[in-house]
Amino acid sequence: MQLRQIAHARSGDKGDISQISVIAFDEVAYKLISSQITTETIRELFGAVIHGKVERFELPHLGILNFVLYRALSTGVTRSLALDPHGKCFSSLLLEIPVKPYSVEDLDRKNSADSG
Amino acid sequence: MRPIRIGAGAGYSGDRIEPAVELVEDGGLDYLVFECLAERTIALAQKAKLHDGKAGFDPLLTERMMAVLPGCVKRGIRIITNMGAANPVEAAREVARTARKLGFAGLRVAAVTGDNVIDVLDPASELLERPGTVASLGNRIVSANAYLGIDGIVDALNMDAQVIVTGRISDPALFVAPLVHGFGWRRDDWAMLGQATVIGHLLECAGQVTGGYFADPGFKDVPDLARLGFPIAEVSADGCAVLTKVPQSGGRLTVATCKEQLVYEILDPAAYVQPDVIADFTHVRLAEIEKDRIAVSGGSGHARPERLKVSVGYRDSFVGEGQISYAGSGALARARLALDIVAERLKLTGVAMAESRFELIGVNAVDVRNDTVTSHEPREVRARVVARTDTMQDAVRIGNEVETLYTNGPAGGGGVTKSAKEVVAVVSTLIPRASVAPHVHIEVA
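One structure accompanies this document, and this report is about it. (Residues numbered from 1 in each chain as written. Chains lettered and ligands numbered in written order. Predicted model: local features only at pLDDT ≥ 70, side-chain atom pairs only at ≥ 80, totals over all residues. Heavy atoms only, no water.)

For the rest of this paragraph, the subject is unusual backbone geometry. All names here are of chain B. Phi at D160 is positive, roughly 65°, even though this residue is not glycine. Here D160 lies in the loop between α5 (151–158) and β6 (163–166). Overall, D160 belongs to the exposed group, its relative accessible area being 55%. A positive phi angle is found at A206, which is not glycine, with a value near 50°. Mapped onto the fold, A206 is located in the loop between α7 (190–203) and β7 (231–235). (Helix = DSSP H or I, 4+ residues; strand = E, 2+ residues; numbered from the N terminus. Buried < 20%, exposed > 50% of the residue type's maximum accessible area, 1.4 Å probe, protein only.)

Tracing the chain through its elements places R388 of chain B in strand β16 (residues 380–389). Looking at R388 of chain B, its side chain comes within polar contact range of the main-chain oxygen of R79 of chain A, at 2.5 Å. Polar contacts involving the side chain of R388 of chain B include one to the side chain of S317 of chain B, which spans 3.1 Å. Contact partners of R388 of chain B, with chain neighbours within four places excluded, come to R79, S80 and L81 of chain A together with D316, S317, F318, V319, A352, M353, A354 and E355 of chain B. (Polar contact = N/O pair within 3.5 Å; in protein donor to acceptor, adjacent residues only side chain to side chain. Contact = heavy atoms within 4.5 Å.)

Residue and element names in this part refer to chain B. Pairing is antiparallel across the open sheet formed by three strands, whose spatial order is β9-β10-β13. A single partner strand is all that each edge strand has here, and the edge strands are β9 (272–273) and β13 (300–302). Where strand β10 (residues 278–280) lies against β13, three bridges are found, and the strand directions are antiparallel. Paired with A279 across the strands is G301, a residue of β13. Across the face of the sheet, α7 comes into contact with β9, β10 and β13 while running at roughly 120° to β13. (Pairing = 2+ DSSP bridges. Axes fitted to C-alpha atoms, helices over the stretch in contact; angles between N-to-C directions.)

Let us now look at the pairing of strand β4 (residues 64–69) of chain A. Put simply, side chains in a regular strand alternate between the two faces of the sheet. All names here are of chain A. For β4, a buried count of six out of six residues is recorded, marking the element as mostly surrounded by other parts of the structure. On β4, burial covers both faces: I64, N66 and V68 on one face and L65, F67 and L69 on the other are all buried. Where strand β2 (residues 17–24) and β4 come together, six bridges link them in antiparallel fashion. What sits directly across from V22, in β4, is L65. Where strand β3 (residues 54–59) meets β4, six bridges bridge the pair, whose relative direction is antiparallel. Of the residues in β4, the one forming a bridge with R56 is F67.

Turning next to the sheet that holds β7 of chain B. Residues and elements named next belong to chain B. Spatial strand order, β11-β12-β8-β7-β1-β2-β3-β6-β4-β18: 10 strands in an open sheet with mixed pairing. The sheet is open, and its two edges are formed by β11 (285–290) and β18 (439–444), each paired on a single side. Averaged over all adjacent pairs, the angle separating strand axes in this sheet is 25°, with direction ignored. As paired strands, strand β8 (residues 241–245) and strand β12 (residues 293–297) are joined by three bridges and run antiparallel to one another. Looking at the pairing, A241 lines up with V296 of β12. Most of the contacts of helix α6 (residues 173–183) go to strand β1 (residues 4–10), to which it runs at about 160°, and overall it touches β1, β2 (31–34), β3 (78–81), β6 and β7.

Attention now goes to the pattern of salt bridges. Residue and element names in this part refer to chain B. A complete count under the given rule lists 31 salt bridges over all chains for this structure. A salt bridge links E288 to R252, with the shortest nitrogen-to-oxygen separation between them at 3.7 Å. In this pair, E288 sits in strand β11 while R252 sits in the loop between β8 and α8 (255–262), placing the two residues 36 residues apart along the sequence. R384 is the partner of E359 in a salt bridge, and the nearest nitrogen-oxygen pair spans 2.8 Å. Separated by 25 residues along the polypeptide, E359 in strand β15 (residues 355–361) and R384 in strand β16 bring together distant segments of the chain. Using a relative accessible area of 3% as the deciding quantity, one classes R384 as buried. It is possible to trace a salt-bridge network through shared partners that takes in E90, R93, E94, R97 and E443. (Salt bridge = Lys/Arg side-chain N within 4 Å of Asp/Glu carboxyl O.)

Here it is as structure tokens:
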């Protein structure tokens, strides 16, 4: 299944930094995205444009993951040659990635296995 | 103490005007805030001011004031805006002129200045986005504006200004200032200033929290976007807020729309650095109390930073661009041929390019990943050539080479557009707080 079916997203910019939030539609969806959407996922998808580090921040009680992509906007909106210099379309591209649809029971088992 | 009601009348310089008028008429507001100053807008405004000392403020200032001043004066709604851009004093004079024209002689209009730090910027100050110092930009600097906090606006409110026009001020501060003024919060009450920053951040992009920039048909539907209502925050003295909008206006205000806006353009949610506070969004709570009414609480904060961010605008380069469309069978092949021809022509005619892009809109211009293979032939595709040059002449030649495809390129090319411009780019640096002092200037209409 596509990430789009369980989460929504918005991207923004600060200078040469792109920021993409991923917001789960519910708690089960948050468990799925927090275990599956990692900084590596972001690198796999946008590696061609990221020239710096990628950070992930979590706001679990709101079901939000916030990704920060450094040096990812061709030096930033004021001088970038990109058609979408803000990287506003990144959020929609991210929502296309596949997510494995574990059942809640599977997830709990997986999470306890991971933490154990 | 009754709640304070603040409306967001604009989320950017070119925003719609009708939703602000609707807020004035039906929003029961105490304050109307217009956030109209993007990072690069002020650099461009400074450039305009270099040509004409009376220019450099928001191009829609007069139109917006004509639309909202009558209602605001009638209802006692005070207006706070950064539409002063590079020239708040001239903007305040323009607001006063507009007020006189509307018959509101005596109206007090404040200009908050002090953000222009071009004369006190330390040449040795390091740039934030890349290696180098302010000095490395040489004589290309056109502007340097520090992000001011709430102080100038609070002073202006204390001086009974009905309209307050600023230059570069942190966006949330436009909303935090009237709350600090109204509730008398201490300037070192970091938790309260942090919560107020959350409220300001949710409001600052106006329609983006009421369902604008949210709709995704079939997944996230939003009603009546053509009549999108802009947000209102009802803020209590304890800092808790309810976000809402005018009943019957378009759009939706939900926990989901607030979540998208809460982290929009935020890096570390635990440390959103502002001039007045380092806000902490970690424990923010959002709850729907009824349709289109969302309670916001739990924002917090830490002591304000000792240095302020400065946007430095500088003449960077020139950019030339040209586009042409192809459609029907073989559109992709003809568009690719068009790009190849332009690339070869630019080489043949000796156009020096520091950086360039040859793209097919509809195939690989926005989807920046390396995967440019399409599974199906697009019905139409637009070839785009854009390049950075050292001179305006070379920039103009980029678009011209695309245009000559009309009579010299592949079959069926249509709809050429071209442009060439000087780029005023922005980089950031920091300045000690002590080097920056806001000043309030009052104009009486």
